Each structure stands twice: as structure tokens, then as C-alpha cells.
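The lines below spell out each chain.
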Amino acid sequence: MKSMKFAAVAAATMLLSGSLQAQMANHDMAPKAEKNIVEVASGAGFNTLVAAVKAAGLVEALSGKGPLTVFAPTDAAFAKLPAGTLDALLKDPVKLGAILKYHVVAGHVTAADVIKAKGAKPATLNGAALDIVVKDGKVHVNGATVTSADVMASNG
């Protein structure tokens, strides 16, 4: 049950920086990204996520061919987990991997796509679907507000 709570809290955060409308307006004019998902996350201060990806043995998968869309939990989201939860997960790469795969969708999903469709229920790499809805012009994933959207990487 702790792992599901982790997934709910962690999904509460990002498609990765800036306001949603600003990102959407600049989406078509953005230069091609040169860094992969792991490199972008490392450079953007997602320290806990990167540590978890390493502990779960997912660096190669998230650095390889895409496209993938990552709903990246911020360090603040990880900090909201109950005491000891993250440490226990970091020691259990199988369970941690399943939880992290819950934050990854095969394919390219943008905020504009979700807004245009008025929501989505994409399957994640662990097989479960996310519930993505639009409320008051903001994208929410499993009830959590996306704080940044459409940060591009070479593989997603």
C-alpha cells in the first residue's frame, strides 16, 4: 500500500518547467533537444528521481530510444512521502522500478494533446493507466497538478 501512496504523491508533479500556456505557445518553435530524459532530469534538479532511477536500474531504459513521456516527481513530491518510505524503496529495486514505470508512458504526450482531448487515460510502462484531466485550464495527473509541461528530451 505504501507503494501506491508513493505513486499517487509522486505523480503529483511534472511533465517537467515554466507555465503551461508559455510552454504550449513555444512548443512548435522549440529547438530539437540534445539531452535524453535522464540527462534533462539530472540538469533540472530532479535529484531524488535520478537517484531512484539509478537504484531501480532504469538509467539505460530512460536514456535509450523513445519516445517516452515521463511524469517526473519533483524532489518536493518525494519529500512528502511518509518517513522511511523512500529509503525502503531504494533498497527494493523491483518494487521501485514498478513504481517508476508508473510514471512513464510510451509515446509522445504533450499538454496541448491532453487539453485538446479534454483528458487522457494512457497506459504506463507498468501496465496501469493514468487519469489525466483538465480542470480550469490546468492538467492534473491522478488528482495532482502538473507544475511544468512539455520539457523536451531527445527521446521524449
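Residues numbered from 1 in each chain as written. Predicted model: local features only at pLDDT ≥ 70, side-chain atom pairs only at ≥ 80, totals over all residues. Heavy atoms only, no water.

1. Notes on the sheet that holds strand 4 (residues 138–141)
Now for step 1: In space, the three strands of this open sheet follow the order 3-4-5, with antiparallel pairing throughout. The open sheet has two edge strands with one neighbour each: strand 3 (132–135) and strand 5 (144–145).
Now for step 2: Sheet topology note: the strand 3/strand 4 ladder contains four bridges and is antiparallel. Counted as the bridge partner of Val134 is Val139 from strand 4. (Pairing = 2+ DSSP bridges. Helix = DSSP H or I, 4+ residues; strand = E, 2+ residues; numbered from the N terminus.)

2. Section: the pattern of salt bridges
Now for step 1: One pass over the full model with this rule turns up one salt bridge.
Now for step 2: Of the charged contacts in the structure, one is a salt bridge between Asp131 and Lys121, with a shortest N-O distance of 2.6 Å. One end of the pair, Asp131, is in the loop between helix 9 (111–117) and strand 3; the other, Lys121, is in the loop between helix 9 and strand 3, with ten residues separating them in the sequence.
Now for step 3: You can call Asp131 partly exposed: its relative accessible area is 32%.
Now for step 4: Using a relative accessible area of 62% as the deciding quantity, one classes Lys121 as exposed. (Salt bridge = Lys/Arg side-chain N within 4 Å of Asp/Glu carboxyl O. Buried < 20%, exposed > 50% of the residue type's maximum accessible area, 1.4 Å probe, protein only.)

3. Topic: helix 4 (residues 47–55)
Now for step 1: Of the positions making up helix 4, those classed as buried are Leu49, Val50, Ala52 and Val53. Buried residues in helix 4, looked at end-on, bunch into an arc of 160°, giving them a common side. With respect to the buried face of helix 4, the exposed residues turned more than 90 degrees away are Asn47 and Lys54.
Now for step 2: Looking at the buried side of helix 4, the elements it contacts are helix 3 (37–43), helix 5 (59–63), helix 6 (75–79), helix 7 (85–90) and helix 8 (93–101).
Now for step 3: Just downstream of helix 4 lies Gly57, where phi reads positive at about 75°. (Arc of directions from axis to C-beta. Contact = heavy atoms within 4.5 Å.)

4. Quick word on helix 8
Now for step 1: Leu96, Gly97, Ile99 and Leu100 are the residues of helix 8 that are buried. Down the axis of helix 8, the smallest arc covering the buried residues is 165°, so these residues share one side.

5. A word on the environment of Ser63
Now for step 1: With respect to the helices, strands and loops of the structure, Ser63 is situated in helix 5.
Now for step 2: Residue classification places Ser63 among the partly exposed positions, given a relative accessible area of 28%.
Now for step 3: Separated by 91 residues in sequence, Ser63 and Ser154 have C-alpha atoms that sit 8.9 Å apart.

6. Notes on the nonpolar core
Now for step 1: By size, the foremost hydrophobic cluster in this structure holds 24 residues, and its most contacted members are Leu49, Val53, Leu62, Val70, Leu96 and Leu100.
Now for step 2: Contributing elements (two or more residues each) for this core: helix 3, helix 4, strand 1 (68–70), helix 7 and helix 8.
Now for step 3: The contact partners of Leu49, leaving out residues within four places of it in the chain, are Ala72, Pro73, Asp75, Phe78 and Leu100.
Now for step 4: Ranked by size, the runner-up nonpolar core spans twelve residues in total, among them Ala111, Leu130, Val146 and Ala149. (Core = buried A, V, L, I, M, F, W, Y, C linked by side-chain atoms within 4.5 Å.)

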